[in-house]
Amino acid sequence: MKRRSFVKGAGIAAAAGTAAATGLAAPAIAQGKIEWNMVMPWPKGTPGVGVNAERFAQRVIAMSGGRINIRTFGAGELVPPFESFDAVQSGSADIMHGTPYFWVGKSKAFNYFTTLPFGLNAVEMPAWLTYGGGQELWDEVYADFGLKPFYAGSSGVQAGGWFKTEINSLDDLQGLKIRIAGLGGEVMRRIGAVVVLLPPGEILPSMQSGAIDAAEWIGPWNDVAFGLQKVAKYYYVPAFHEPGPGLEVAVNKAKFDALPADLQAIVQAAAAATAQETTTDFTYHNIQAFGPLLADYDVELRSFSEEIIARLGEVTREVAEEIGATDALTQKIHASYMDFTRKAAAYQTSFEEAMLSQRAQVWS
């Protein structure tokens, strides 16, 4: 698919002589209206991701009083799904909604700003970004590609995936064709699976045709919306590879830098509001979808065995160390991320995990 050409840039309003007639401040009129095109790797209207991308755009329009107008384009409408980053980098689009590990061909450092297997969860990731220096590191690595990134929320812990056959041992993963994204895909590849990275819209037809044997997408809410429960029986939870994957809004840096300070603040505030709304959106609807998924479909819930988890953990450490040694900047990002991950693991074992165990005893 070739990219379509389209009109971009700012529309400049004629302001001279109109301030008195309209009662508006002359500087506001002189700035005119900025027109941005936003691309994303998922279809418009996709629960959680596509919907909240569109909400972000509407929030910016409302908060700016229409001074920034953002037109949203779903996967393939303006550019192919996995070319969103390129489009914003080149300036053929102005802003995107996505997730950093889709673009790791540019830099392996991008993995840290989505997720690492057995890494930070949906609460810990924004904590690291906001207070642990993660945002500054993200700004630094994206600046090399001409983008300015903002955190845009998380799906929370995801599902391990849908499998047509049971996975009881490491042998069952040998040669298994699975759609799985990010570093989890590399870990699976190293233990013998055949990894296929597909855009979201191609997951179901590939499962139906037999092109793949298994697939991970997100969690109950999105998985049911995409119909994955109709093509595979065994649902493995939780995901080892995506404990709290981060979403992003990323703007062409030159265009962001050209905004006046108040509009920059509006984009940043809109992203922060979208991050909060996205995480709560996923949390609520995954909880609501989980019971009916098990009750209404011929689905069997499974978890990977201790043997499989142990091997996945060993390979994850190998992969993470290799990536961390890629270059000086990635090494700095790796050190910061892993330091906070280890501290979080120690803390959460005594607090969050213990609380969840106690709650289950009371309410299950």
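Residues numbered from 1 in each chain as written. Predicted model: local features only at pLDDT ≥ 70, side-chain atom pairs only at ≥ 80, totals over all residues. Heavy atoms only, no water.

1. With respect to the packing of aromatic side chains
Aromatic ring pairs: the centre-centre distance and the angle between the two ring planes describe each pair.
In step 1: All told, the structure shown has 24 aromatic pairs when counted by the stated rule.
In step 2: A ring pair is formed by Tyr112 and Tyr337, whose centres lie 5.6 Å apart and whose planes are at 65°; its orientation type is edge-to-face. Of this pair, Tyr112 sits in the loop between strand S4 (95-98) and helix H5 (124-131) while Tyr337 sits in helix H13 (residues 328-350), placing them 225 residues apart in sequence. Comparing Tyr112 with Tyr337 shows no difference in burial state: the two are buried. (Phe/Tyr/Trp six-rings, centres within 6.5 Å; stacked < 30°, edge-to-face > 60°. Helix = DSSP H or I, 4+ residues; strand = E, 2+ residues; numbered from the N terminus. Buried < 20%, exposed > 50% of the residue type's maximum accessible area, 1.4 Å probe, protein only.)

2. So, unusual backbone geometry
In step 1: That bond from Val237 to Pro238 is cis: its omega, -10°, falls within 30 degrees of zero.
In step 2: Locating Pro238 in the fold gives a position in the loop between strand S10 (234-236) and strand S11 (246-252).
In step 3: Backbone geometry at Phe118 places phi at a positive 60°, although glycine is not the residue there.
In step 4: On the basis of relative accessible area, Phe118 is assigned to the partly exposed category, the value being 36%.

3. Digging into the packing of helix H12 (residues 306-324) against H13
In step 1: One way to put it is that H12 packs onto H13 with a least axis distance of 8 Å and a crossing angle of 140°. When the interaxial angle is binned, H12 and H13 end up oblique. Seen from H12, the contacting residues are Ala320, Glu321, Ile323 and Gly324; seen from H13, they are Thr330, Gln331, His334 and Arg342.
In step 2: When the residues that make up the contact of H12 with H13 are grouped by side-chain class, the tally is two nonpolar, four polar and two charged. (Axes fitted to C-alpha atoms, helices over the stretch in contact; angles between N-to-C directions. Parallel < 35°, antiparallel > 145°, perpendicular 65-115°, else oblique. Contact = heavy atoms within 4.5 Å. Nonpolar A, V, L, I, M, F, W, Y, C, P; charged D, E, K, R; others polar.)

4. Describing the sheet that holds strand S8 (residues 194-196)
Strand pairing within a sheet occurs via backbone hydrogen bonds; the two strands may be parallel or antiparallel.
In step 1: The six strands are arranged S8-S7-S9-S6-S10-S12 in an open sheet whose pairing can be described as mixed. Here the strands that pair on one side only, and so sit at the sheet edges, are S8 and strand S12 (300-302). (Pairing = 2+ DSSP bridges.)

5. Topic: the side chain of Thr115
In step 1: Relative to the assigned elements, Thr115 resides in the loop between S4 and H5.
In step 2: Take Thr115: its relative accessible area is 2%, and that puts it in the buried class.

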